[in-house]
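Fold and contact review
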Amino acid sequence: QVQLVESGGGLVQAGGSLRLSCAASGCTFSRYDMGWFRQAPGKEREFVAAISWSGGSTAYADSVKGRFTISRDNAKNTVYLQMNSLKPEDTAVYYCAAKPAILYDYWGQGTQVTVSS
């Protein structure tokens with residue numbers, strides 16, 4: 001059974017940084033594209049960033065481009081999201097997700113990120 005466990009969330013002041021981690025188990029992690037999503041209170045879940053199975057291709061939402069960096073370590077079955085220059089509007093629960101084929105079929109439980117102004 002695929003399990004994804006996020007960590008690294010917390011409270012940070014605007015302009016600060018956080019690094020989220022997502023540890024995967026129960027799957028051949030190196031074969032899965034991975035993504036980060038977030039959901040703010042009262043809003044729908046939105047795409048943040050994605051990385052291909054090899055790490056050779058990445059994609060970002062316009063709202064985080066230039067501030068966030070997604071990366072992965074297939075030897076550690078872990079995907080990361082480095083978040084710099086954080087803004088209050090980045091406050092949300094952040095989820096990692098695994099895409100074995102076309103869809104993101106597996107999701108973590110989420111980690112809260114709160115950015116104070």
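These lines cover the structure that appears in this document, whether it is placed above or below. (Residues numbered from 1 in each chain as written. Predicted model: local features only at pLDDT ≥ 70, side-chain atom pairs only at ≥ 80, totals over all residues. Heavy atoms only, no water.)

1. Observations concerning the overall build of the protein chain
When its secondary structure is counted, the protein chain shows 0 helices and 11 strands. Listing each helix as α and each strand as β along the protein chain from the N terminus yields β-β-β-β-β-β-β-β-β-β-β. With respect to the three principal axes, the spread of C-alpha positions in the protein chain is 40 × 25 × 25 Å. Within the protein chain, the fraction of its 117 residues that count as buried is 42%. Once local pairs closer than 6 in sequence are excluded, the contacts in the protein chain between residues at least 24 apart make up 53%. For the protein chain, the accessible area works out to roughly 6100 Å², and carbon and sulfur atoms hold 47% of it. Looking at charge distribution, the protein chain has the averaged site of its 11 positive side-chain charges lying 4 Å from that of its 9 negative ones. (Helix = DSSP H or I, 4+ residues; strand = E, 2+ residues; numbered from the N terminus. Buried < 20%, exposed > 50% of the residue type's maximum accessible area, 1.4 Å probe, protein only. Contact = heavy atoms within 4.5 Å. Areas by Shrake-Rupley, 256 points an atom, 1.4 Å probe, with all protein chains shown as cover. Lys, Arg positive; Asp, Glu negative; His and termini not counted. Charge placed at Lys NZ, Arg CZ, Asp CG, Glu CD.)

2. Regarding the state of the cysteines
Overall, the coordinates contain 1 disulfide when judged by the stated rule. Paired through a disulfide, Cys-22 and Cys-96 show a sulfur-sulfur distance of 1.9 Å. Pair noted here: Cys-22 is in strand 3 (residues 18-25) and Cys-96 is in strand 9 (residues 92-99), with a separation of 74 residues, a long-range link. Note on Cys-22: relative accessible area 0%, which makes it buried. Cys-22 supplies the cysteine sulfur nearest to Cys-27, a cysteine that is in no disulfide, at a spacing of 9.1 Å. (Disulfide = S-S within 2.5 Å.)

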